[in-house]
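# Geometric and topological summary
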Amino acid sequence: MTWLLLDADMLLYQTVAACEVEIEWCPDIITTHLPVKEAQLMFNELLDIKRNQAQSDRFTLCWTADQNFRKDIEPSYKGNRSGNHRRKPVGYLAIRRWAEQQFPSECWHRLEADDVLGILTTRHSDQVVMWSGDKDLKQIPGTHLDNDGNIFTISQLDADVFFYRQALTGDSTDGYPGCPGVGPKTAEKLIPSDDFSEASAWRTVVQQYAKKGLSADYALNQARLARILRDTEYTLNEIQLWTPPTIQYSQATTPSMKE
């Protein structure tokens, strides 16, 4: 049995963005609307495409909750997505309500869809194929479906390497900067996959932040913002914040976040 897990946020956004219609009533009045039936049909079609690509006989839509634990780490997280310049297409919430009622869905308190995907994929690694167009999911080991319909596997090593690199590069889309001046190519040189160890990788991360006058605690917060949760990091609704290996801090840190 193949169980397909989907980034429902992304699938929905693709649907409503494509179906949104703009009407110019007169030179100074322009409105947008969403033909709901058309959007529902397109969502079904996109879902069927993914299911056929994965050859799945079971699927689950994974959604982002209203609250986000990362905002407790950094209140400005994804703050660049607020405002009219990053508004969701019209009808987004209405189609989401319909999809959650229509299809098997998971939305977990204070987690993003990425976290639900990461937890379920690492919890049921022998059953799951995961789809998301978000590169962040490269830090989750397991079987993945890409946007072109190709199925591939990310090893534990490759997933861990990607995470530590992302702790350095940050993610401007999500609004956390990472280490100033460190881009993807530099991160690849700093954290090679050959002879990789987590302790060594984290030491490199802390050293790079220190060169920019930034503390180990700042580096830790950036890493925790980057981290997509895995199975062992979420138990009975308790979020276990990522803790680096063998590194001591000058300030106390909070290892877990409860409801």
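Residues numbered from 1 in each chain as written. Predicted model: local features only at pLDDT ≥ 70, side-chain atom pairs only at ≥ 80, totals over all residues. Heavy atoms only, no water.

### Here's the deal with the sheet that holds strand 8 (residues 151-154)
Across the sheet, six strands lie side by side as 5-4-1-6-7-8; this open sheet has mixed pairing. Both edges of this open sheet fall to strand 5 (105-107) and strand 8, since each of them pairs with a single strand only. Here the strands of the sheet are splayed against their neighbours by 30° on average, with no regard to which way each runs. Two elements, strand 1 (residues 3-7) and strand 4 (residues 58-63), share five bridges in a ladder whose sense is parallel. Each bridged residue has a counterpart across the sheet, and for W3 the counterpart in strand 4 is R58. Sitting on the sheet, helix 1 (residues 8-19) touches strand 1, strand 4 and strand 6 (128-131), and the angle it makes with strand 4 is about 85°. (Pairing = 2+ DSSP bridges. Helix = DSSP H or I, 4+ residues; strand = E, 2+ residues; numbered from the N terminus. Axes fitted to C-alpha atoms, helices over the stretch in contact; angles between N-to-C directions. Contact = heavy atoms within 4.5 Å.)

### Focus: the pairing of strand 3 (residues 29-33)
Pairing between strand 2 (residues 21-26) and strand 3: five bridges, direction antiparallel. The residue bridging I23 from the neighbouring strand is T31, located in strand 3.

### Looking at the pattern of salt bridges
The tally for this structure, following the rule as stated, stands at 11 salt bridges. With its nearest N and O atoms 2.7 Å apart, the salt bridge here joins D115 to R70. One end of the pair, D115, is in helix 5 (residues 113-123); the other, R70, is in helix 3 (residues 70-73), and 45 residues separate them in sequence. Accessibility expressed as a relative area gives 0% for D115, which makes it buried. One salt bridge in this structure joins K135 and D171, with 3.6 Å as the shortest N-O distance. Residue K135 is located in the loop between strand 6 and strand 7 (142-145), and its partner D171 is located in the loop between helix 6 (156-169) and helix 7 (184-190); the two are separated by 36 residues in the primary sequence. (Salt bridge = Lys/Arg side-chain N within 4 Å of Asp/Glu carboxyl O. Buried < 20%, exposed > 50% of the residue type's maximum accessible area, 1.4 Å probe, protein only.)

### A word on the nonpolar core
The biggest cluster of nonpolar side chains holds 43 residues, and the ones touching the most others in it are L111, Y164, W202 and V205. Listing elements by their share of this core, those giving two or more residues are strand 1, helix 5, strand 6, helix 6, helix 8 (198-211) and helix 9 (216-226). Contacts of Y164, omitting those with residues within four sequence positions, involve I191, F196, E198, A201, W202, V205, W242 and P245. (Core = buried A, V, L, I, M, F, W, Y, C linked by side-chain atoms within 4.5 Å.)

### A few points about the packing of aromatic side chains
If you walk through the whole model with that rule in mind, you get 12 aromatic pairs. A centroid spacing of 5.5 Å and a plane angle of 10° characterise the contact between W108 and Y234, whose relative ring orientation is stacked. A residue pair is termed long-range when its members are at least 10 positions apart, and W108 in the loop between strand 5 and helix 5 and Y234 in strand 9 (residues 234-235) qualify at 126 residues. With respect to burial, W108 and Y234 carry one shared label: buried. (Phe/Tyr/Trp six-rings, centres within 6.5 Å; stacked < 30°, edge-to-face > 60°.)

### Looking at the side chain of T204
By the element assignment, T204 lies in helix 8. The exposure class of T204 is buried, given its relative accessible area of 14%. Those residues in contact with T204, other than ones at most four positions away along the chain, are L190 and I191.

### Some remarks on the packing of helix 2 (residues 36-54) against helix 4 (residues 92-102)
One can describe the packing of helix 2 onto helix 4 by two numbers: an axis separation of 11 Å at closest approach and a directional angle of 50°. Classified by the angle their axes make, helix 2 and helix 4 are oblique. Two packed elements cross with a definite hand, and for helix 2 against helix 4 that hand is right-handed. Between helix 2, through V36, A39, Q40, F43 and N44, and helix 4, the contact on the second element is made entirely by I95, W98 and A99. Here the contact of helix 2 with helix 4 is built from residues that sort into six nonpolar, two polar and no charged. (Parallel < 35°, antiparallel > 145°, perpendicular 65-115°, else oblique. Left-handed = near helix turned anticlockwise from the far one by under 90°. Nonpolar A, V, L, I, M, F, W, Y, C, P; charged D, E, K, R; others polar.)

### Some details on the pairing of strand 4
Counting buried residues in strand 4 gives five out of six residues, a clear majority hidden from the surface. Pairing of strand 4 with strand 5 involves three bridges; the strand directions are parallel. Note that in strand 5 the partner of L61 across the bridge is S105.

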